[in-house]
Amino acid sequence: MYLLELGGEDDAFAACEATSAATGVRRIAPGLALADAIVSDRIRGLAYTHRASSLIGHTDAGVDSARALLEAASIGREGSVAVRATDVHGSTGVSTSETERTLGKVLVDRGFAVDLDDPDHVLRATFSAGRLEPDGAVEADEATGDLLTPLSASEVGVEAESTDDTPRGECVSVCALGWLTAESVRDFGDRAPTDKPFFQPGSMDPLLARAVANVAGARPGATILDPMCGTGGVLVEAGLVGADVLGTDAQAKMTEGARENFSHFLESAAPSPVGVSRGSWHVGRGDATRLPLADGAVDGVVFDAPYGRQSKIETHRLEDLVSGALTEARRVASRAVVVADRSWATAAREAGWELEAAFSRRVHRSLTRYVLVLG
């Protein structure tokens, strides 16, 4: 079993993304989740999970409890160690420096040497307290974009079982210990929208772009399509985790700009920052409602729908564009992720999709992004 340290912005969305790299993901406290198994290489490519550790166990949030847990644990390791402690959002008030000293002494007493610079093993001690919120899926009014009553797990098909008999919404206090196994590569600042060769206002930040690409199924051997690719930001992130990418857009300006970005980020012969070969890419001008692709041609579709404005395709109203794109996406793939300033859930269902999960992400006072996961 593994401990996942989430990014802390939106745990429900982070856990959803983590399922692209782990199985049996379930949250146990703010910022913390457990998983039955992981794929280490894919952990490296996650946006909203920072680390995965082989779980020793979890207990109440306190230094004494952490020490007792470690003293009772079977440790089939040898070599040098370092202890790294984290208090998620400072929620427990536990002294991380005291924790590191206390747990380090336990390990020294058991024959380990401490090496803070280049240890053979890193023990992660994470503390978290707070309310374990529901899975976070939401529905929104399609006319106004206003958030409505959160969907139940049964309505969105999300795993809803609580962990360790802790009901969702209850306050928890947890310390979890584990041996660090994999860390995500935090290089997103290198691809800020304004630093790309081609930039347009409103471009998605690379963290969210990576996350939705992962949720759509981006990985080595997969093919991901964005039929409204714009500057190509989502497909750049998909390509950097090894997926082959296809992009279309109604505007020649966008396809030319996306080509610049793909050439810059995906054509290097060197492995991507996460350690895999960069995916191949193709881009062209096209209508998202009439894709020149065979049925089932791609593994996943992801697109960022136009926000509160008419489509640049003169023959389509915005509603017709999005519903047509959803219908075509259903024809060419078995999975899709839609990002928009409204839910579009009704249009997705009418196109034949099942709503697996939905999330809202507030960008600023006048913009909330909705993310629909469709299967």
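Only a predicted model underlies this, so the values are computations on that prediction, with no experimental measurement involved.

With reference to specific residues and values, describe a nonpolar patch on the surface.
The grouping of V108, V114 and L116 at the surface amounts to a nonpolar patch, some 260 Å² of accessible area in total. Residue position: L116 is located in the loop between strand 8 (113–114) and strand 9 (121–131).

Can you explain helix 3 (residues 63–72)? Please cite residues and give values.
Every buried residue of helix 3 is accounted for by V63, A66, L69 and L70. Here the buried residues of helix 3 occupy an arc of 125 degrees about the axis, which is enough to place them on one side. In helix 3, the exposed positions that point more than 90 degrees away from the buried face belong to D64 and A72. Looking at the buried residues of helix 3, the elements they touch are strand 6 (49–59), helix 4 (96–109), strand 9 and strand 10 (171–183).

Give me the sheet that holds strand 10: which residues, what numbers.
The eight strands lie next to each other as 3-4-1-6-10-9-7-8, forming an open sheet whose pairing is mixed. This sheet does not close on itself; its edge strands, each paired only once, are strand 3 (26–29) and strand 8. Two elements, strand 3 and strand 4 (residues 32–35), share three bridges in a ladder whose sense is antiparallel. Each residue of the ladder has a partner; that of R27, found in strand 4, is A33.

Provide a residue-level description of the side chain of S343, including the pertinent values.
Position of S343 relative to the elements: it lies in the loop between strand 15 (336–340) and helix 10 (345–350). By relative accessible area, which is 2% here, S343 ends up buried. Polar contacts involving the side chain of S343 include one to the main-chain amide nitrogen of A345, which spans 3.0 Å.

Residues and numbers for the pattern of salt bridges, please.
Scanning all chains against the criterion turns up 16 salt bridges. One salt bridge in this structure joins R124 and E5, with 2.8 Å as the shortest N-O distance. One end of the pair, R124, is in strand 9; the other, E5, is in strand 1 (residues 2–6), and 119 residues separate them in sequence. Here the two residues R124 and E5 agree in accessibility, since each one is buried. Residues R191 and E237 are paired through a salt bridge, measuring 2.7 Å at the closest nitrogen-oxygen approach. On the criterion of sequence distance, the pair formed by R191 in the loop between strand 10 and helix 6 (206–216) and E237 in helix 7 (residues 233–240) is long-range, its members being 46 residues apart. Classification of E237 by relative accessible area gives buried; the value is 0%.

Kindly report on the nonpolar core, identifying the contributing residues and their values.
Proteins that are soluble and globular tend to have nonpolar side chains buried together. Ranked by internal contacts, the top residues of the largest apolar core, which has 56 residues, are L4, F13, V25, I43, Y48, V212 and F262. In terms of residues, this core owes the most to one element, helix 6, which gives eight residues. Excluding anything up to four places from it in sequence, F13 contacts Y48, L208, A211, V212, F359, R361 and V371. The next biggest cluster of nonpolar side chains, apart from the first, holds 29 residues, and it includes M228, A288, V332 and A340.

Talk me through helix 9 (residues 318–332); I want residue IDs and the actual numbers.
For helix 9, spanning 15 residues, the distance from its first C-alpha to its last is 21 Å, which sits close to the expected 21 Å at 1.5 Å a residue. Those residues of helix 9 not exposed but buried are L318, L321, V322, G324, A325, L326, E328, A329 and V332. Where helix 9 is buried, its residues touch strand 11 (223–226), strand 14 (300–304), strand 15, helix 10 and strand 17 (367–374).

Here is what the cut-offs are and how they apply
Residues numbered from 1 in each chain as written. Predicted model: local features only at pLDDT ≥ 70, side-chain atom pairs only at ≥ 80, totals over all residues. Heavy atoms only, no water. Patch = residues over 30% accessible without salt bridge, like charges linked within 9 Å, V, L, I, M, F, W, Y side chains within 5 Å. Areas by Shrake-Rupley, 256 points an atom, 1.4 Å probe, with all protein chains shown as cover. Salt bridge = Lys/Arg side-chain N within 4 Å of Asp/Glu carboxyl O. Helix = DSSP H or I, 4+ residues; strand = E, 2+ residues; numbered from the N terminus. Buried < 20%, exposed > 50% of the residue type's maximum accessible area, 1.4 Å probe, protein only. Arc of directions from axis to C-beta. Contact = heavy atoms within 4.5 Å. Pairing = 2+ DSSP bridges. Polar contact = N/O pair within 3.5 Å; in protein donor to acceptor, adjacent residues only side chain to side chain. Core = buried A, V, L, I, M, F, W, Y, C linked by side-chain atoms within 4.5 Å. Expected span 1.5 Å × (residues − 1).

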